[in-house]
Structure formats: structure tokens, C-alpha cells
Amino acid sequence: MTNERPINFGAGPSALPETVLEEACKGLLNFQGTGIGVAEISHRSKEFTSLVASLESNIRTQLDVPPTHKIIFTQGGGTGQFSAVVLNMLARHHLLHPDLSDEQRVMDYVITGSWSKKAETEAKRLGGASVHIVVDASTKSKDSKSFDAIPAHEDFDFSADPALIYYCENETVDGVQFSNDEQSSTSFPFHLLPAGGLWPLVADYSSSFMSRKIPRIADHAVIFAGAQKNIGPAGLTILIVRHDCIVDVDAAAKLGAIPVPITMSYKVNADAGSLYNTPSTLSIYIAGLVLERSKQLGGVVYFESLNGRKAQKVYAALREGETKGAYRSKVKEGSGSWMNVVFDVLGDNAESRFLAGAEALGMMALKGHRSVGGVRISLYNAITEEQTDRIVAYLKDFATQNA
């Protein structure tokens, strides 16, 4: 590896630490001295099962996952969980309330961006309960369709006894993120959740998992994350599931719940130690290397501090460019994502020149998501502060030259 590798600011699959890539190359040829590559070795071998246990331990320790929750490794990405959370949580609700009709069951969705909207669309498609929109952030925007801010707490309207309450902590496409400071007006309003009992709270943490602590982690029913942002290659999905949400889905089906495909059943996967079927062995291996490195650096405490500094530098440069008429942020101040900074470059052909200039300097994958356009700078864990300083310098130089 050389220092001339381009900087990958892509939103996913995203950058991985060079030291991890170097070590992974060795493991592809010879995994833990077995003489067999990690992509070839049996997933039931003692070496691989030990790796799975180590990965689970690193996540549990670094995130302070309580013993009330099980860590499960599966496949299908966050999009797969759009379906799985509905099916498993409705199965739970049927076991708790067998006499309710589908019309009497409700699923709450907090819509703050493109991914939570897609999740809500899938819930409606699957059926089994009505879908209640707790809040739709797009209706609060200037054009009544963009996602540019976290809604005010008073706009949230939770149901009394929903089967699930769904939110996406960080919206990768739109660059909107809940604050992890519970005193902030842009935090998730835990204080407004229905009183009493265990909350059926489901959170998509795909694009910020392991980048900072998860507020009120013990109060969540399900947390899921695709690995391809901060942890490893695509192919691995990580679940943190409260034990009361790991239910017998076949028993629920006999009571009228939608049958759950066996590989989507949390109980099946949990009972099998995440090895019911062949897992994504290479993704698990590289995720293990990433989290070992994270542990050595200080875990999520280290990365929360680092990522906070990185985001602060980029947003400061963006605001400076806005005063010069070069940029326009797509997100209101206070709601901006630490992981994904999104903005427009103003002027005729300015965006194309911005992207071409960045690429000439070795800064790649900056084009915004096709659905919203503009520029997107993704600052995942593997992006160093030095690399952040390079994009900050470019932001400033381009703004000065194109003021």
C-alpha cells in the first residue's frame, strides 16, 4: 500500500483502514495459521466460530450492550431488515395480543429521510397492521417534500400501544441525523414514548454504527446496521435484539401473524449462534479486524471525539463557502449528519468542476445520491482527520476561486 491511494469519501461501500486491508490480504491466503483462506474455511470450524465470538464481544464491550440484548449476525443489509423487523415485531405483538385484528394493530414510523420512508413503504406493502406516521419531516420543509431537518419534539405523535416504533438515526441520502445529546431539540424524543413496559423501539443505525455511543441502548427493542459504512464490506448485517423480541414466529403464525421466512427469524438465527446458514465469512472477518483496531484506539469514545472534530471542520468550511455564495447546505443547522455532509455547489457547471477538481486531487466518490443530487462528503470512521483536512482545504480554495 502507498500513501497515493485515493481518498474514498463514498457513502458505502465506504473506506476501510489501510492496515485492515493489508491484514485482510494475509487472511485471504492463510487464516489464523490454518493454511486455508478465510473465504474458503468452514464457517463451523473452531477458528471461525472463535472469530464470531470475538466480533460479538467487541461490539458488546465497545457499545455497552446490556445482557438483556442478543447480538446477531445476518445478511440482507438494512433493506432486508425493513421487512424482518416488521415480521418479527408483528409476531411478538400477536403473541402478546392474540385477540386483536390486523386493523387494530399499528406500527409507528418516524419519517426523517429517504431510508425511513423506504422502510415505511415496505411496512405498508407487507401489511398485517396499519401504519401510523409519527411525524413526516418532509412536510416541515420549505418545499414540503425535502428532508432538511429533524422535526421539533412537539410534532411527534406516538401511538398508545404500537407493535413497533421505527426510526432511522442517520439518513445517509439526505444528511439528516438525530443528535445523541438528549437535551438537544434535535435528539430522539424518548420522553414522549408511551408510558410503561418495554418499548418496541426499532432503530436503523446503519450509517453511524460504532461511530459514537447509542443513547438509551437498553431501551431499544431492535437496533440494526449494515456493515458497509463503518465496519467492513457489504454482506454483513448486525442486529442487537432485546430478548423479549426473539420470539417463536411459527407459534405466532398459528395465531394469524404473517409467516416469517426462516432466515429472517430472529429466534432461528439467535438459537444457531448466527450460523444457521453459511454467513458472509469474509465480511465477518474484516469487521473483526476493524473492531480490533477500534478497541486498540479507544473504541467508540475515541471515534466520537474524532468524528465530532471532522464534522465540525467540514461544516465550518461549508458555512464559510455559503457566505461567499459558493455552496448551499441541504440541511438546516443543528440537524446535519456527522457522517454525511450534503450540499449544492452554486453556479453554472460548478458542481461538475468541483467534482473534477476533487478527483484530480485524489478525492473520490463525492457525488450526491442520485435522488437528491449535489455533493455528499461521507466521513466514516476510516476517514482520518488528515484526510478530512484535505477536503476542508479544497472546500475553502474552491469557494475562494468561485466566489
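Note that the coordinates shown come from a computational prediction; the quantities given were computed from them, not determined experimentally.

All told, the structure shown has 22 salt bridges when counted by the stated rule. Put simply, D244 and R242 hold a salt bridge, and the shortest N to O gap is 2.5 Å. When salt bridges with common partners are traced through the structure, they connect R309, K313, E385 and D389 into a single cluster.

On to the packing of helix α8 (residues 299-323) against helix α10 (residues 385-401), then. Look at α8 against α10: their axes get within 9 Å of each other, and the N-to-C directions meet at 5 degrees. Taken together, the axes of α8 and α10 lie roughly parallel to each other. Across the interface between the two elements, L306, R309, K310, K313, V314, A317, E320 and G321 from α8 touch E385, T388, D389, I391, V392, L395, K396 and A399 from α10. Taken together, the residues of the contact of α8 with α10 break down into seven nonpolar, two polar and seven charged.

Here we come to the layout of surface pockets. Within this model, the largest pocket holds a volume of roughly 520 Å³. Every residue lining the largest pocket is counted, 19 residues in all, and those nearest its centre are R5, E18, A382, T384 and Q387. Taken together, the elements giving at least two residues each to the lining of the largest pocket come down to β1 (7-8), α1 (18-29) and α10. At four residues, the largest contribution of residues to the lining of the largest pocket is made by α1. In the lining of the largest pocket, the residues fall into eight nonpolar, five polar and six charged.

A full pass over the atoms with the stated rule returns 20 aromatic pairs. Seen in terms of ring centroids, F82 and W115 are 6.3 Å apart; in terms of plane orientation they differ by 45 degrees. Their pairing is tilted. Of this pair, F82 sits in helix α3 (residues 77-96) while W115 sits in helix α4 (residues 114-126), and the two are 33 residues apart along the sequence. Of the residues examined, F82 reaches a relative accessible area of 4% and is grouped as buried. What makes W115 partly exposed here is its relative accessible area of 26%. Between the aromatic rings of Y327 and F398, the centroid separation amounts to 6.4 Å while the plane-to-plane angle is 20 degrees, which identifies the pairing as stacked. With Y327 in strand β11 (residues 327-329) and F398 in helix α10, the pair connects residues that are 71 residues apart, well separated along the chain. By relative accessible area, Y327 is classed as buried at 2%.

Spatial ordering of the open sheet is given by β11-β12-β14, a layout of three strands whose pairing is antiparallel. Strand pairing shows two members of the sheet lacking a second neighbour, β11 and β14 (375-378), which therefore form its edges. Each strand axis lies, on average, 35 degrees off the axis of its neighbour in the sheet, ignoring direction. Bridge analysis of β11 against strand β12 (residues 340-345) gives three bridges, and the strand direction is antiparallel.

Here we take up the domain arrangement of the chain. Per the domain assignment, the segments of the chain are domain 1 (46-294) and domain 2 (299-401). Taking only C-alpha atoms, the centre of domain 1 and the centre of domain 2 are 28 Å apart. Each side of the interface is counted separately: domain 1 has 27 residues, and domain 2 has 24 residues. Inspection of the domain 1/domain 2 interface yields zero salt bridges. Joining domain 1 to domain 2, the criterion identifies 16 residue pairs in polar contact (both at pLDDT 80 or more). Elements with a contribution of two residues or more to the side of domain 1 that touches domain 2: α2 (46-63), β7 (176-177) and α7 (281-297). Taken together, the residues of the side of domain 1 that touches domain 2 sort by class into seven nonpolar, 13 polar and seven charged.

If you look at the biggest cluster of nonpolar residues, it comprises 55 residues, and the most contacted ones within it are I59, L63, V110, Y167, F188 and F209. In terms of residue count, α7 provides more of this core than any other element does, seven residues in total. Composition of this core by domain shows at least three residues from each of domain 1 (46-294) and domain 2 (299-401). Once residues lying within four places of it in the same chain are set aside, the contact partners of F188 are V110, H153, F158, Y167, F178, S179, L193 and L201. With 30 residues, the next largest nonpolar core counts Y327, L355, L395 and A399 among its residues.

A word on the sheet that holds strand β8 (residues 201-204). Across the sheet, seven strands lie side by side as β2-β10-β9-β8-β5-β3-β4; this open sheet has mixed pairing. At either margin of the open sheet sits one strand with a lone partner, and together these are β2 (69-74) and β4 (130-136). With strand direction ignored, the average angle separating the axes of adjacent strands in the sheet is 15 degrees. With three bridges connecting them, strand β3 (residues 106-111) and strand β5 (residues 164-168) associate as parallel partners. Considered in β5, the bridge of M107 is made with L164. The strands touched by α3 are β2, β3, β5, β8, β9 (222-226) and β10 (237-242); relative to β9, the strand with the most contacts, the crossing angle is about 160 degrees.

The subject of this paragraph is the environment of A160. Structurally, A160 can be placed in the loop between β4 and β5. Note on A160: relative accessible area 71%, which makes it exposed. Between the C-alpha atoms of A160 and A257, which are 97 residues apart in sequence, the distance is 21 Å.

How each quantity is defined
- Residues numbered from 1 in each chain as written.
- Predicted model: local features only at pLDDT ≥ 70, side-chain atom pairs only at ≥ 80, totals over all residues.
- Heavy atoms only, no water.
- Salt bridge = Lys/Arg side-chain N within 4 Å of Asp/Glu carboxyl O.
- Axes fitted to C-alpha atoms, helices over the stretch in contact; angles between N-to-C directions.
- Helix = DSSP H or I, 4+ residues; strand = E, 2+ residues; numbered from the N terminus.
- Parallel < 35°, antiparallel > 145°, perpendicular 65-115°, else oblique.
- Contact = heavy atoms within 4.5 Å.
- Nonpolar A, V, L, I, M, F, W, Y, C, P; charged D, E, K, R; others polar.
- 1 Å grid on protein atoms, 1.4 Å probe; cavity = no way out; pocket = protein on both sides within 12 Å on 5 of 7 lines; lining within 4 Å.
- Points joined across faces, edges and corners; volume = space filled by probe spheres on them.
- Phe/Tyr/Trp six-rings, centres within 6.5 Å; stacked < 30°, edge-to-face > 60°.
- Buried < 20%, exposed > 50% of the residue type's maximum accessible area, 1.4 Å probe, protein only.
- Pairing = 2+ DSSP bridges.
- Domains from an automatic or database assignment.
- Polar contact = N/O pair within 3.5 Å; in protein donor to acceptor, adjacent residues only side chain to side chain.
- Core = buried A, V, L, I, M, F, W, Y, C linked by side-chain atoms within 4.5 Å.

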